[in-house]
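Here is how the chains run, residue by residue.
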2 protein chains.
Amino acid sequence: MTHPHPELSSPPALPQDGLRVVALGGLGEIGRNMTVFEFGGRLLIVDCGVLFPEEEQPGIDLILPDFDYIRDRLDDVEAVVLTHGHEDHIGGVPFLLRERPDIPLVGSRLTLALIEAKLTEHRIRPVTIGVAEGDRRPFGPFDLEFLSVNHSIPDALAVAVRTPAGLVLHTGDFKMDQLPLDGRLTDLGGFARLGAEGIDLLMADSTNAEVPGFVTSEREIGPVIDEVFRTADGRIIVACFASHIHRVQQVLDAANDSGRKVCFVGRSMVRNMGVARELGYLKVPEGILIEQRQIDDLPPDRLVLVCTGSQGEPMSALSRMANRDHQIRITDRDTVMLASSLIPGNETAVNRVINGLTRWGARVVHKGNALVHVSGHAAAGELLYVLNLTRPSNYMPIHGEWRHLKANARLAELTGVPAENIVLAEDGLVVDLVGGQASIVGAVQAGYVYVDGLSVGEITETSLKDRRILGEEGFVSIVVGVDAASGKLVAGPEIHARGAGIPDEDFDEVMNRIETVLREAAADGVNEPAQLGQLIRRTVGRWVNENYRRRPMIVPVVVEV
Amino acid sequence: MTHPHPELSSPPALPQDGLRVVALGGLGEIGRNMTVFEFGGRLLIVDCGVLFPEEEQPGIDLILPDFDYIRDRLDDVEAVVLTHGHEDHIGGVPFLLRERPDIPLVGSRLTLALIEAKLTEHRIRPVTIGVAEGDRRPFGPFDLEFLSVNHSIPDALAVAVRTPAGLVLHTGDFKMDQLPLDGRLTDLGGFARLGAEGIDLLMADSTNAEVPGFVTSEREIGPVIDEVFRTADGRIIVACFASHIHRVQQVLDAANDSGRKVCFVGRSMVRNMGVARELGYLKVPEGILIEQRQIDDLPPDRLVLVCTGSQGEPMSALSRMANRDHQIRITDRDTVMLASSLIPGNETAVNRVINGLTRWGARVVHKGNALVHVSGHAAAGELLYVLNLTRPSNYMPIHGEWRHLKANARLAELTGVPAENIVLAEDGLVVDLVGGQASIVGAVQAGYVYVDGLSVGEITETSLKDRRILGEEGFVSIVVGVDAASGKLVAGPEIHARGAGIPDEDFDEVMNRIETVLREAAADGVNEPAQLGQLIRRTVGRWVNENYRRRPMIVPVVVEV
């Protein structure tokens, strides 16, 4: 097990009998999962997701994989296999299809329904090919077999990829709930069969590889939901992911048992539950749903609201309720259930929501005080089952940050996979499977592509650095008009500061300094705007640092008149 | 138990036999703890701490309590009692003493030594009065008694405040480790004695009120430290708080047992351990300490580094090691122990450090995978002991966010404190204890006072809002020179954008629009710079929104020439 060398260069040509595997996302991060397989000059993509930005990426809406590696070869792409319908697996598809709209999308019924709903918003009508567990079909040189896995969304698939280079099993996101609500088990028997056939490379979900033991069954949340419904004497507000159909099913069932009506709040919740209901994944008891405008017609103890916002998203209905900035006003008779995980990075926002709701008197039931969430990802104990059943020749941890990938690699070592057959890769590293041995042979470009408003890929690291400085320190802009010939000051200085925390009247002091500096420059024959700008920047920067110990962005503008 | 009404107004005059209690910080937040007691026209302050900023407060160094409530009455202050030496209890003292330097500081030996070291950096020599557990002494009308409590720093005190209005017990921060490393127990016997005397108001630490059960003893971390020392075959790097003397003691002892030398890294660690050693709170085995420059003289397996940075602070040595931006280069033989809590809000930063260290091959032992930290705050089980022993007439949860205060209030209700005697207050609410009944009677100003660089209180919410916009969206500045009389454009437009993610060449398009708008304005006789600025702002704002769906700050500058 070796650590990749960041100085790796372009990979050599792929041998004719070799399979190339390049993750453009998902290795070293939780999100934007995307893996490109190559054999015989043809490409197969598994997943094409987005990553959500952290505070280090201010103002960014989404982060995409960099398609540069395949941009000139889009015509070689046989298909995009979507393992399930979560954003971190399908969210990048609209952006990929902008580049070639007729790439076939391959997935299960629910997955395709969710991506189609999303693509409709982007005005794209995709080519889709529905598959189900047990199906086996070729896409060019890639002979694919699909296996059922369970996860926190129904209808998820693992995919086996057979080429003359060998057999690869890609688990997608999975766990092994042995009593799943829909009875659809992860196909361990299928995994074992593939293991007996001989898996040359196993690529397995690392998200929970650090967590010992086993993930509790989804149905264990039932008693907590029941307790909430039994004891709440006012409204019940449940916040969860808009894709968590089984969780919503449990809430619908509890509401039905207790004679409460249910209202879905929020666009994505309404849309996804509509899709799930239509396809039969969500069973909605007759007459239980009401529209938002009917809420006030019912007494609070006959009402359940199901909304998003469990991650503290500031514009969500739940955050606005916590801030008393929503038509639904929280009272001390309300019970709010945050029935979801807490995605790393969202802790502060969620804490703010819990405090806000508590302040208005609500009882808040959340991950910290009740079993209201179980993870969708196999914990270490489950991964060991998979490793022991499949006995892969080579192992490649996928879907995780470094800590998770490495923990997953350790599990493989413990079950006897030789260290030299464990590929600890990161985004953009090129892994070739040749003659039964997987190894890192080079690297390709795989940086972040930022989506901000309508632009894709135009926001650079420099823009983000500027934003970070502006966000921490603000700016001071100094405008002067100078005579083009002499460089003499003829208008200004006008000084504008925003976010710098310097009162306007303070600037009188530095005005004189600027005038002096410009007078001296003119006397020395300096009249180049760029040079004059430098002088102003230095003068003002020094003054701010001396007087305020701060470093706002200094923006001199020299206008020649 | 009623929720406070935000519309509360100024409090009525305090009755002559009444005690007034106003928290200027610490209620509704974890940090900047400060409580002002008033009796007979005299004031007593307990603690004066800082709060560390969250991402909502970009660029801010510290947040202080607002001293406005006492600013005109500083001469009435008898003393500031400091319950222990953590920043959230003493960090505001230098700023308070700037306003009146001779307010006596009352505290235990270690607490005073730590605040004195801090004040030396601020060039302030304070008036100090050392006290110890068991001491009882009057400060004006306030008859104070000090009781030992244990916490995550040695020498912490609770304080009982007796006035003719009754007996108040303020716990400070505390827990009840029954096997503390220094043998210094929380004085439950003293609490019981005060309870028998009759406690009119108990003010108790809420930080862990949501956590069921009991905090594990500090010494339970010992086996984990031992395991790390037994199995590490290279360097051991321990990151913890610079104030956690007992934790460092355990590391020193383990190093001594295994024949390793120890180097303290970082200014605050070196300073605090020097103070603790001098006063006898830290026992340093003979010859075990080395200087940083001696590190390279020792083989890695004879070395322990003790540093700060356990919260992922970006400039700390540990963060820089994780980024390969430090002379100490992490290898796969290193073991790094993050022996501290994870303060809410720091999750992302700490995760980044763990991933960075893991990436370079280090084994990282942290709260998520080993018992390397125990909290310093009493959990619910311990609070129940205190409530049952003291049987207070009135109860006021302190030190916590809303969720913690409310959980603490519930514990009081469970032990039989009547709901109407539980005061659920927040910062600035005025609580009067009159005739044995505590109640909220009004509110005073208690907002955030921001420290940024050298300025205190000059950064306003408006500056922060500007920073948030600038940080998310950047700015576009448009400079034009116009003829003062006609309003006609004579120079520019010059457009500068930073952080807006708009390529410079794109601006050509909007230049024409600006010129057109200004030409039309001049034709209409508009020549006021403010009006012209508005026109430019609107034109550019609309153009950016149409083309990029973004909202950068638009800064027009109209210079009359």
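What you see is a predicted model; the values in this text were computed from it and never measured. Sequence order sets the numbering: in each chain, residues are counted from 1 along the sequence as written. All chains are assigned letters beginning at A, and all ligands numbers beginning at 1, according to the order in which they are written. Note on the predicted model: pLDDT of at least 70 is required for a residue's local features to be given, and 80 or more for side-chain atom pairs to be given and counted; whole-chain, interface and lining totals, by contrast, use all residues. Hydrogen atoms and water are omitted, and side-chain values are computed over all heavy atoms in the structure.

Overview of a negative patch on the surface
Item 1. Here a patch means residues that are over 30% exposed by relative accessible area and free of salt bridges, tied together within 9 Å if like-charged and within 5 Å if nonpolar (Val, Leu, Ile, Met, Phe, Trp, Tyr). For the accessible areas, the method is Shrake-Rupley and the probe is 1.4 Å, while residue cover comes only from the protein chains on display. Put simply, a salt bridge is a Lys or Arg side-chain nitrogen that is within 4 Å of an Asp or Glu carboxyl oxygen. His is not counted here, nor are the chain ends, while Lys and Arg score as positive and Asp and Glu score as negative. Think of each charge as sitting on NZ of Lys, CZ of Arg, CG of Asp or CD of Glu. A grouping of Glu55(A), Glu472(A), Glu55(B), Glu56(B) and Glu472(B) is seen on the molecular surface, where their side chains present a negatively charged patch.
Item 2. By the secondary structure assignment, Glu472(A) is in helix α13 (residues 461-473).
Item 3. Each residue's exposure class comes from its accessible area (1.4 Å probe, protein chains only) as a fraction of the maximum for that residue type: buried when under 20%, exposed when over 50%, partly exposed otherwise. On the basis of relative accessibility, which here comes to 41%, the residue Glu472(A) falls in the partly exposed class. Put simply, DSSP H or I for four residues or longer makes a helix, DSSP E for two residues or longer makes a strand, and each gets a number counted from the N terminus.

Here's the deal with the sheet that holds strand β8 (residues 136-139) of chain B
All names here are of chain B.
Item 1. Pairing between two strands is assigned when DSSP locates at least 2 bridges connecting them. Taken in spatial order, the 6 strands line up as β8-β9-β10-β11-β12-β18 in an open sheet, and their pairing is mixed. Unpaired on one side and paired on the other, β8 and β18 (394-398) mark the two borders of the sheet. Mean inter-strand twist for the sheet, computed between neighbouring axes without regard to direction, equals 20°.
Item 2. In terms of strand pairing, strand β9 (residues 142-149) meets strand β10 (residues 156-163) through 7 bridges, oriented antiparallel. For serine 148, the partnering residue across the bridge sits in β10 and is leucine 157.
Item 3. Along the sheet, helix α5 (residues 188-197) makes contact with β9, β10 and β11 (166-170), crossing β9 at roughly 145°.
Item 4. Residue contacts are defined here by distance: any two heavy atoms, one from each residue, within 4.5 Å place the two residues in contact. What counts as an axis is a line fitted to C-alpha atoms, over the stretch in contact for a helix, and the angles between N-to-C directions run from 0 to 180 degrees. Relative to strand β12 (residues 201-205), helix α11 (residues 380-390) is tilted by about 170°, and along the sheet it contacts β11, β12 and β18.

Some details on the nonpolar core
Item 1. Only buried residues count toward a nonpolar core, which is a set of Ala, Val, Leu, Ile, Met, Phe, Trp, Tyr and Cys residues joined through side-chain atoms within 4.5 Å. Residues Ile70(A), Leu96(A), Leu105(A), Val248(A), Phe264(A), Leu282(A) and Val304(A) are the most contacted members of the largest nonpolar core, which totals 72 residues.
Item 2. Looking at this core, you find at least three residues from each of domain 1 (19-213 + 375-456) and domain 2 (218-365) of chain A.
Item 3. Of all hydrophobic cores here, the second largest spans 64 residues; its members include Leu387(B), Val417(B), Leu433(B) and Ala443(B). Start and end points for every domain follow an automatic or database-based domain assignment.

Here's the deal with helix α14 (residues 507-523) of chain A
All names here are of chain A.
Item 1. Compared with an ideal rise of 1.5 Å per residue, which puts 17 residues at 24 Å, α14 spans 24 Å between its outermost C-alpha atoms and is within 8% of the ideal.
Item 2. All of the buried residues in α14 are Phe507, Val510, Met511, Ile514, Val517, Leu518, Ala521 and Ala522. An end-on view of α14 places all buried positions within 135° of arc, on one side of the element. Pointing more than 90 degrees away from the buried face of α14 are the exposed residues Asp508, Arg519 and Ala523.
Item 3. As for α14, its buried residues are in contact with β23 (475-482), β24 (489-498) and α15 (529-548). The span one expects for a helix is its residue count, reduced by one, times 1.5 Å. It is the directions from the helix axis to the C-beta atoms whose arc is reported.

Overview of a nonpolar patch on the surface
Item 1. Taken together, the side chains of Val490(A), Val561(A), Val490(B) and Val561(B) make up a nonpolar region of the molecular surface, amounting to roughly 290 Å² of accessible area.
Item 2. Tracing the backbone through its elements, the reader meets Val561(A) in the segment after β25 (553-560).
Item 3. The class for Val561(A) is partly exposed, based on a relative accessible area of 36%.

A few points about the interface of chain B and chain A
Item 1. On the side of chain A, 63 residues touch chain B, which itself brings 63 residues to the contact.
Item 2. Buried area is a sum: the accessible area each of two parts loses on coming together, probed at 1.4 Å, counted once for each and added. Buried area between chain B and chain A, both sides added, is near 5500 Å², and the carbon and sulfur share of it is 54%.
Item 3. It is Arg359(B), Arg403(B) and Arg498(B) that lose the most area in chain B upon contact with chain A, and together they represent 11% of the buried surface on that side.
Item 4. Viewed at the interface, chain A and chain B are joined by 9 salt bridges.
Item 5. Glu426(B) serves as the salt-bridge partner of Arg359(A), at 2.7 Å between the closest nitrogen and oxygen.
Item 6. Think of a polar contact as two N or O atoms within 3.5 Å of one another; within protein, one of them needs to be a possible hydrogen donor and the other a possible acceptor, and neighboring residues in sequence only count if both atoms come from side chains. At the surface where chain B touches chain A, the tally comes to 29 residue pairs in polar contact (both at pLDDT 80 or more).
Item 7. The dominant element in the side of chain B that touches chain A, judged by the number of residues it contributes, is helix α10 (residues 347-359) of chain B, at 8 residues.
Item 8. All amino acids are sorted into three groups, where Ala, Val, Leu, Ile, Met, Phe, Trp, Tyr, Cys and Pro are nonpolar, Asp, Glu, Lys and Arg are charged, and the leftover types, Gly among them, are polar. Across the side of chain B that touches chain A, the residue classes break down as 21 nonpolar, 19 polar and 23 charged.

Considering the packing of helix α10 (residues 347-359) of chain A against helix α12 (residues 402-414) of chain B
Item 1. Close contact between α10(A) and α12(B) brings their axes to 8 Å; oriented N to C, the two are set at 45°. Compared by their axis directions, α10(A) and α12(B) come out oblique. Each of Asn351(A), Ile354(A), Asn355(A), Thr358(A) and Arg359(A) in α10(A) lies in contact with α12(B), whose residues at this interface are Trp402(B), Arg403(B) and Lys406(B).
Item 2. In the contact of α10(A) with α12(B), the residues fall into 2 nonpolar, 3 polar and 3 charged. Here the angle decides the label: under 35 degrees means roughly parallel, over 145 means roughly antiparallel, 65 to 115 means roughly perpendicular, and every other value means oblique.

Topic: unusual backbone geometry
Residues and elements named next belong to chain B.
Item 1. The backbone of arginine 32 sits at a positive phi, close to 35°, despite the residue not being glycine.
Item 2. On the secondary structure map, arginine 32 appears in the loop between β1 (19-25) and β2 (34-39).
Item 3. Within the chain, arginine 549 stands out as a residue other than glycine whose phi angle is a positive 50°.
Item 4. Note on placement: arginine 549 falls in the loop between α15 (529-548) and β25 (553-560).

Overview of the relation of the copies chain B and chain A
Item 1. A residue counts toward the fit only if its pLDDT is at least 70 in both copies, and the copies are then superposed by least squares on the C-alpha atoms of those residues. The transform that puts chain B on chain A rotates by 180° and translates by 0.0 Å along the axis, for an RMSD of 0.1 Å. Put plainly, the chains are arranged around a two-fold axis. Closest approach to the rotation axis among the C-alpha atoms of chain B is made by Gly471(B), whose C-alpha sits 1.8 Å away.
Item 2. A symmetric contact is evident, with 100% of the interface residues of chain B recurring at the interface of chain A.

Some words on the UniProt feature "binding site: Ca(2+)" (unreviewed entry) in chain A
Item 1. Taking the numbering used here, the UniProt-annotated feature "binding site: Ca(2+)" (unreviewed entry) corresponds to Gly59(A), Asp61(A) and Asp452(A). These annotated residues cover 394 residues of sequence, and their C-alpha atoms all fall within 7.0 Å of one another, placing them together at a single site.
Item 2. In this fold, Asp61(A) is placed in the loop between β3 (42-46) and β4 (62-64).
Item 3. Given a relative accessible area of 40%, Asp61(A) falls into the partly exposed group.
Item 4. Leaving out residues up to four positions away in the same chain, Asp61(A) has contacts with Phe52(A), Pro53(A), Val451(A), Asp452(A) and Gly453(A).
Item 5. By secondary structure assignment, the location of Asp452(A) is in strand β21 (residues 449-452).
Item 6. Overall, the relative accessible area of 2% leaves Asp452(A) in the buried class.
Item 7. Every residue in contact with Asp452(A), bar those within four places of it in the chain, is listed here: Gly59(A), Ile60(A), Asp61(A), Ile459(A), Arg467(A), Tyr548(B) and Arg550(B). UniProt positions are given in the numbering used here, feature names are shortened, and annotations may be inferred rather than shown by experiment.

Observations concerning the sheet that holds strand β19 (residues 429-434) of chain A
Residue and element names in this part refer to chain A.
Item 1. Spatial strand order, β7-β6-β5-β3-β2-β1-β19-β20: 8 strands in an open sheet with mixed pairing. The open sheet terminates on both sides in strands that have one partner only, identified here as β7 (128-130) and β20 (437-443). Each adjacent strand pair in this sheet contributes to an overall mean axis angle of 25°, direction not counted.
Item 2. Examined bridge by bridge, strand β1 (residues 19-25) and strand β2 (residues 34-39) share 5 bridges and lie antiparallel to one another. Looking at β2, one finds that arginine 20 is bridged to glutamate 38.

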